[in-house]
Amino acid sequence: MNSGGRRPIFCLHAVSGSAAVYSVLASALAPDFQVHAVQAAGLEVGGVPHTSVEEMASAYLAVMDELGPVNEYLLCGWSMGGVVSFELARLLERRGDAARVAMIDTQFPTPFAEPPSTAAVTRWYMRDVTASLGSPMSAFPADFDRLSQPDQLGLLLDHLKLGRGGDREWWLGEMQRRFEVFRANLMAATEYRPRPVSAEVLLVQSSEDALPVSGWEPVVRGRLTRVEVPGDHYTMIAGDGVGPVSELVAKHFSGPSRRFGLA
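The notes below deal with the structure included here. The structure presented is a predicted model; accordingly, all values stated were derived computationally and were not measured. (Residues numbered from 1 in each chain as written. Predicted model: local features only at pLDDT ≥ 70, side-chain atom pairs only at ≥ 80, totals over all residues. Heavy atoms only, no water.)

This paragraph deals with the overall build of the protein. A tally of helices and strands in the protein yields eight helices and six strands. Secondary structure elements of the protein, listed N to C terminal, follow the sequence β-α-β-α-β-α-β-α-α-α-β-β-α-α. With respect to the three principal axes, the spread of C-alpha positions in the protein is 60 × 40 × 35 Å. Buried positions account for 49% of the 263 residues belonging to the protein. When contacts within the protein are restricted to residue pairs at least 6 apart in sequence, those whose partners lie at least 24 apart make up 72%. When the accessible surface of the protein is totalled, it reaches about 12000 Å², and 54% of it is carbon and sulfur. (Helix = DSSP H or I, 4+ residues; strand = E, 2+ residues; numbered from the N terminus. Buried < 20%, exposed > 50% of the residue type's maximum accessible area, 1.4 Å probe, protein only. Contact = heavy atoms within 4.5 Å. Areas by Shrake-Rupley, 256 points an atom, 1.4 Å probe, with all protein chains shown as cover.)

The following block contains the structure:
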């Protein structure tokens, strides 16, 4: 791959499916790296979400291959994106390629004790959307679970001040489609069972949220480096915490490739 002397980094989407979350991080890394952000299937009209992390990784690898050969793949993922990055590293190693992985506040996948209700997932979706936009929605009406989903999503539109003109139905359809991607990604991530990789892995944790990230140690056969940075799950990728995170990611991805016996 000819990237103007800058090594390519592939950033994998989180549970929302959107690649836009990496815009600030990509800008911070741009002087030294060429950043490619991967969006989930299903966000486009008529698209169908993937239903497993393995399916996602296989599809994304095919797209990455279209860009040309890479000496060593640099894979980065925030939140669920780290899970997809990890599986991509496994696929690359299986075919003989080298990879390095940076996981940003990525929780080790654990299954639900029982399937969550649609209302519960809708609430998580609304919290994720609003927190990602810097306007977290924490309070929900007492009868939220009894509302129809269009009415639930209508509360999200009201919070974001969207759909106040004649385009409310369009916005409801957009939020519904994005919810379906969110739900598919959420279930895929929790059902994923990581298998060992030999890659060097950086695990960056937020200091405020204390997500349960333990569990990665047994499946990382290479060096696992854990670093804590100030901020919460969202500010570390789109707020004041991006600076320290970008420096850690750049340092982790710098240095010669390990492919073909190089250091």
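Structure shown, so let's carry the discussion forward.
Below, the discussion takes up the packing of aromatic side chains. In total, this model carries nine aromatic pairs according to the counting rule given. Plain terms: the ring middles of F108 and W216 are 5.0 Å apart, the flat faces sit at 85° to each other, and that makes the pair edge-to-face. You can see F108 sitting in the loop between strand 4 (98-104) and helix 4 (118-132) and its partner W216 sitting in the loop between strand 5 (200-206) and strand 6 (224-229), a full 108 residues away along the chain. In this structure F108 comes out as buried when scored by relative accessible area, which is 18%. Classification of W216 as buried rests on a relative accessible area of 0%. Seen from their ring centres, Y125 and F179 are 5.7 Å apart, and the 75° between their planes marks the pair as edge-to-face. Pair noted here: Y125 is in helix 4 and F179 is in helix 6 (residues 168-191), with a separation of 54 residues, a long-range link. Of the two residues examined, Y125 and F179, each falls in the buried class. Chaining the aromatic ring pairs together yields one cluster made of F86, F108 and W216. Its end group placed over the ring of F140, R123 keeps NZ or CZ at 5.8 Å from the ring centre. (Phe/Tyr/Trp six-rings, centres within 6.5 Å; stacked < 30°, edge-to-face > 60°. Lys NZ or Arg CZ within 6 Å of the ring centre and 35° of its normal.)

Between its terminal C-alpha atoms helix 2 (residues 53-66) stretches 20 Å, which fits the 20 Å expected from 14 residues at 1.5 Å a residue. Within the span of helix 2, buried status applies to V53, M56, A57, Y60, L61 and M64. The buried residues of helix 2 all sit within an arc of 130° when viewed along its axis, so they share a single face. Looking at the buried residues of helix 2, the elements they touch are strand 1 (7-12), strand 2 (33-38), strand 3 (72-78), helix 3 (80-94) and helix 6. (Expected span 1.5 Å × (residues − 1). Arc of directions from axis to C-beta.)

One finds Y60, Y73, L75, F86, L88, Y125 and W216 to be the most contacted residues of the largest nonpolar core, which totals 54 residues. In contact with Y73, other than residues within four places in its own chain, are F10, M64, D65, G68, L92, R95, D97, A98, A99 and R100. Judged by nonpolar contacts, the second largest core, of 23 residues, contains C11, V21, C76 and V245. (Core = buried A, V, L, I, M, F, W, Y, C linked by side-chain atoms within 4.5 Å.)

So, on to the sheet that holds strand 6. What the six strands build is an open sheet, ordered 2-1-3-4-5-6; its pairing is parallel. Single-partner strands in this sheet number two, and they are strand 2 and strand 6. Direction aside, neighbouring strands of the sheet carry axes that sit 20° apart on average. Pairing between strand 1 and strand 2: six bridges, direction parallel. By the bridge assignment, R7 is partnered in strand 2 with F33. Packing against the sheet, helix 2 makes contact with strand 1, strand 2 and strand 3, and its axis sits at approximately 130° to strand 3. (Pairing = 2+ DSSP bridges. Axes fitted to C-alpha atoms, helices over the stretch in contact; angles between N-to-C directions.)

Moving on: the pattern of salt bridges. Inspection of the entire model under this criterion finds 12 salt bridges. The salt bridge involving R7 is made with E72; its shortest N-O contact spans 3.0 Å. Remark: E72 occurs in strand 3 and R7 occurs in strand 1; sequence separation between them is 65 residues. Since its relative accessible area comes to 24%, R7 is described here as partly exposed. Of the charged contacts in the structure, one is a salt bridge between E180 and R183, with a shortest N-O distance of 2.9 Å. One end of the pair is E180 and the other is R183, both in helix 6 and three residues apart, which spans about a single turn. On the accessibility criterion, E180 (29% relative accessible area) is partly exposed. Judged by its relative accessible area of 26%, R183 falls in the partly exposed class. A single network of salt bridges, built from pairs that share partners, joins R7, E72 and R100. (Salt bridge = Lys/Arg side-chain N within 4 Å of Asp/Glu carboxyl O.)

Purely spatial values, then, with no claim about function.
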